Amino acid sequence: MYPKIPLTVNGQKQEIEADPEMPLLWALRDIMDIKGPKFGCGVAACGACTVLIDGEAVRSCSQPVGEVEGEITTIEGISQGDELHAVQQAWMKHSVPQCGYCQSGQIMAAVALLEENPDPSDEDISDAMTNLCRCGTYPKIKAAIKDAAQTLGA
Amino acid sequence: MLKRVAEMSGWGTPLPAGKGRGIAHVLSFGTWTAQVVQVDVTDNTVTIEEVWAAADPGIVLDPSMFKDQIMSGINFGLSQALGQEITWADGQVEQANFDTYDAMRMYQAPKITIELLENSPRMGGAGEPGTPPSTPALANAIFAATGKRIRQMPLSNEIDFI
Ligand code: FES
Ligand code: FES
């Protein structure tokens, strides 16, 4: 028997039974059926699994679920009802994704960046956006972040 | 196509010391592609600053997506130069994941400008043609900036990149 672990995910309180050592990514995907965060490497090297914990970008593949303190937000939780988050809208406007696999992680990293720094420079973006995009969509990610920053600041 | 990429990149105009441009072109998957890469080499460290590409795939149905694919192909190719290497030991490949086989990251990504021509009589591909000329153009740019010829991949075995 595994212990019950209380979690708040996208505003909903819940309890799961899981090995506390289980990576948060597995708990989200396999137990809670939240498939937005992706498995890319499992060793904190790519960022495809990025979620927010109390607003900060965390690589959920390398975060034991039993040690989570704070509210978890996945890409499923950033829109307001039918209205997409400004970052998501900017992603659509700039047609950022190629294969798309990294993009939910990129969007979550961008949301965290803009939360902390509403008007990031090119350099701030390069420093904060360390997620891998195997398709090399970086110029578009950068353009979309700047666009979203304008929308959010307006 | 070569003329166009030369115009786009200001080919032949002088550059400050430590900078260099290189050019390469290829017919790949039915698409003629030419690229100019510009580098800055400071303290023996290469920054890939900018890439210009002209591609002629014949009729283009979706120019925006086509350019995106060329952009991705360029960054995919440059990623190889930046350090992707497969090595073997004890009958096994040593690289198993992104911690040992990384690709380009945001801080390394160059500015990219792409123009499409539609002269070719046959329609060519979009996904691959960006990749093959990127690394030779980069190696030529490094030669222009430093006088150093690198003939083996990844280029990072012989020169440092940011
Ligand atoms: S899957 Fe978590 S960083 Fe790659
Ligand atoms: S869009 Fe394919 S990995 Fe980023």
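What counts and what doesn't
- Residues numbered from 1 in each chain as written.
- Chains lettered and ligands numbered in written order.
- Predicted model: local features only at pLDDT ≥ 70, side-chain atom pairs only at ≥ 80, totals over all residues.
- Heavy atoms only, no water.
- Domains from an automatic or database assignment.
- Contact = heavy atoms within 4.5 Å.
- Buried area = accessible area lost by both parts, 1.4 Å probe.
- 1 Å grid on protein atoms, 1.4 Å probe; cavity = no way out; pocket = protein on both sides within 12 Å on 5 of 7 lines; lining within 4 Å.
- Points joined across faces, edges and corners; volume = space filled by probe spheres on them.
- Nonpolar A, V, L, I, M, F, W, Y, C, P; charged D, E, K, R; others polar.
- Axes fitted to C-alpha atoms, helices over the stretch in contact; angles between N-to-C directions.
- Helix = DSSP H or I, 4+ residues; strand = E, 2+ residues; numbered from the N terminus.
- Parallel < 35°, antiparallel > 145°, perpendicular 65-115°, else oblique.
- Left-handed = near helix turned anticlockwise from the far one by under 90°.
- Salt bridge = Lys/Arg side-chain N within 4 Å of Asp/Glu carboxyl O.
- Polar contact = N/O pair within 3.5 Å; in protein donor to acceptor, adjacent residues only side chain to side chain.
- Buried < 20%, exposed > 50% of the residue type's maximum accessible area, 1.4 Å probe, protein only.
- Pairing = 2+ DSSP bridges.

### Examining the domain arrangement of chain A
Residue and element names in this part refer to chain A. Segmentation of chain A into domains returns domain 1 (4-73) and domain 2 (86-153). Using only C-alpha atoms to locate each centre, domain 1 and domain 2 end up separated by 21 Å. The interface is formed by 14 residues belonging to domain 1 together with 10 residues belonging to domain 2. Buried surface at the junction of domain 1 and domain 2, both sides included, amounts to about 920 Å², of which 57% is carbon and sulfur.

### A closer look at empty space enclosed by the protein
Take a probe with the size of a water molecule and roll it over the atoms, and the empty space left behind shows itself. Residue and element names in this part refer to chain B. Applying the stated criterion to the full structure yields one cavity of 30 Å³ or more. Of the volumes computed, that of the largest cavity is approximately 30 Å³. Forming the walls of the largest cavity are Val46, Ile48, Leu82, Gln108, Phe161 and Ile162. Residues that form the lining of the largest cavity fall into these classes: five nonpolar, one polar and no charged.

### Thoughts on the packing of helix 2 (residues 86-93) of chain A against helix 3 (residues 103-116) of chain A
Residue and element names in this part refer to chain A. Remark: helix 2 packs on helix 3, axes separated minimally by 9 Å, with the N-to-C direction vectors making an angle of 130°. With respect to helix 3, the element helix 2 is oriented oblique. Considering the relative orientation of helix 2 and helix 3, their crossing is right-handed. The residues of helix 3 that touch helix 2, namely those facing Val87, Gln88 and Trp91, are Gln103, Gln106, Ile107, Ala110, Val111 and Leu114. Broken down by class, the residue content of the contact of helix 2 with helix 3 amounts to six nonpolar, three polar and no charged.

### Here's the deal with the interface of chain B and chain A
In this assembly, 20 residues from chain B lie in contact with 22 residues from chain A. Around 1,800 Å² of area is buried between chain B and chain A when both sides are counted, 57% of it from carbon and sulfur atoms. In terms of surface lost to chain A, no three residues of chain B exceed Phe98(B), Arg105(B) and Met106(B), which account for 39% of the buried area on that side. Where chain B touches chain A, the interface holds one salt bridge. Across the pair Lys140(A) and Asp68(B) runs a salt bridge whose closest N-O atoms are separated by 2.9 Å.

### Regarding the environment of Asp19(A)
Residue and element names in this part refer to chain A. For Asp19, the location among the structural elements is in the loop between strand 2 (12-17) and helix 1 (24-31). Between the C-alpha atoms of Asp19 and Val65, which are 46 residues apart in sequence, the distance is 8.0 Å. Apart from residues no more than four positions distant in its own chain, Asp19 is found in contact with Tyr2 and Val65. For Asp19, the side chain forms a polar contact with the main-chain nitrogen of Glu21, separated by 2.9 Å.

### Description of the pairing of strand 3 (residues 50-53) of chain A
Residue and element names in this part refer to chain A. By the alternation rule, side chains of strand 3 split into Thr50 and Leu52 and Val51 and Ile53, which are all buried. By the bridge criterion, four bridges tie strand 3 to strand 4 (residues 56-59) in an arrangement that is antiparallel. For Val51, the partnering residue across the bridge sits in strand 4 and is Val58. Between the antiparallel neighbours strand 3 and strand 4 lie two residues, among them Asp54 with a positive phi of about 50°. With two bridges connecting them, strand 3 and strand 5 (residues 72-73) associate as antiparallel partners.

### What about the layout of surface pockets?
Empty space within the largest pocket amounts to approximately 590 Å³. Taken together, 24 residues form the lining of the largest pocket, with Pro139(A), Lys142(A), Pro110(B), Lys111(B) and Ile112(B) sitting closest to its centre. Elements represented by at least two residues in the lining of the largest pocket include exactly helix 4 (122-128) and helix 5 (138-153) of chain A together with strand 3 (45-56), helix 2 (63-81) and strand 6 (111-116) of chain B. Its residues placed into classes, the lining of the largest pocket shows 12 nonpolar, four polar and eight charged. Around the second largest pocket, the lining is made up of 13 residues, and of these Ala57(A), Ala109(A), Ala112(A), Leu113(A) and Ala128(A) lie nearest the centre. Secondary-structure elements contributing two or more residues to the lining of the second largest pocket are strand 4 and helix 3 of chain A. Among the residues making up the lining of the second largest pocket, the classes are represented as six nonpolar, four polar and three charged.

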